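Here is how the chains run, residue by residue.
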Amino acid sequence: MAALKVVCALVLCMLVVEPMVTTAISCGDVAKQMGACVNYLQKGGNLPPNCCTGVRGLNSQATTTSDRQTVCKCLQNAAKSISGLKPNLAEGLPGKCGVDIPYKISTSTNCNK
């Protein structure tokens, strides 16, 4: 009987703790999702469908404030390293992909808010 109580307690702990375990988004994840957008962000033209797939996927992955801050910082760092990036194309990208975000896409955005 005592063993059954221990097993029940362990199962209960697993049910409570498991949903709390999440994986944080990394800059590698951001780069993977946004890689298809780079050419568009440099040259304009037709927006590749897989770019919007990445934008929507990244938006759905960034569910917490911490995730969104990480994504923001990663995008800003990436933007600094991509030559020829057109800020107006980057700013309009979420809307073109049907994603609504409550802040402006810009290298001057404060990611800590």
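Above this text is the structure in question.
Residues numbered from 1 in each chain as written. Predicted model: local features only at pLDDT ≥ 70, side-chain atom pairs only at ≥ 80, totals over all residues. Heavy atoms only, no water.

1. Some thoughts on the packing of helix α2 (residues 27–34) against helix α4 (residues 49–61)
Just so we agree on the cut-off: Angular values range over 0 to 180 degrees, each being the angle between N-to-C directions of two axes fitted as lines to C-alpha atoms, with helices fitted over their stretch in contact. Helix numbers and strand numbers start at the N terminus; a helix is a DSSP run of H or I with at least 4 residues, a strand a run of E with at least 2. Angle categories: roughly parallel below 35 degrees, roughly antiparallel above 145, roughly perpendicular from 65 to 115, and oblique for all the rest. Contacts were defined at the residue level, with two residues in contact if any of their heavy atoms lie within 4.5 Å. Gly counts as polar in this scheme, as do all residues outside two lists: the nonpolar Ala, Val, Leu, Ile, Met, Phe, Trp, Tyr, Cys and Pro, and the charged Asp, Glu, Lys and Arg.
Between α2 and α4, the shortest axis-to-axis distance is 7 Å and the interhelical angle comes to 150°. Classed by the angle they form, the pair α2 and α4 counts as roughly antiparallel. Across from V30, Q33 and M34 in α2, the residues of α4 making contact are T53, G54, V55, G57, L58 and Q61. Within the contact of α2 with α4, the residues separate by chemical class into four nonpolar, five polar and no charged.

2. Thoughts on the nonpolar core
Selection criterion: In this text, buried Ala, Val, Leu, Ile, Met, Phe, Trp, Tyr and Cys residues form a nonpolar core when linked through side-chain atoms within 4.5 Å. Partly exposed residues are those whose accessible area sits between 20% and 50% of the maximum for their type, while under 20% is buried and over 50% is exposed, using a 1.4 Å probe and protein chains only.
With 18 residues, the main nonpolar core has V30, M34, C37, L41, V55, V71 and L93 as its most contacted residues. At the level of secondary structure, the elements contributing two or more residues to this core comprise α2, α3 (38–43), α4, α5 (65–81) and α6 (87–96). The element contributing the most residues to this core is α4, with four residues. When near neighbours in sequence (up to four residues on either side) are disregarded, C37 contacts C51, V55 and L93.

3. Structural notes on the side chain of D67
Mapped onto the elements, D67 comes out in helix α5. Beyond its immediate chain neighbours, meaning those up to four positions away, D67 contacts A24, I25, Q61 and A62.

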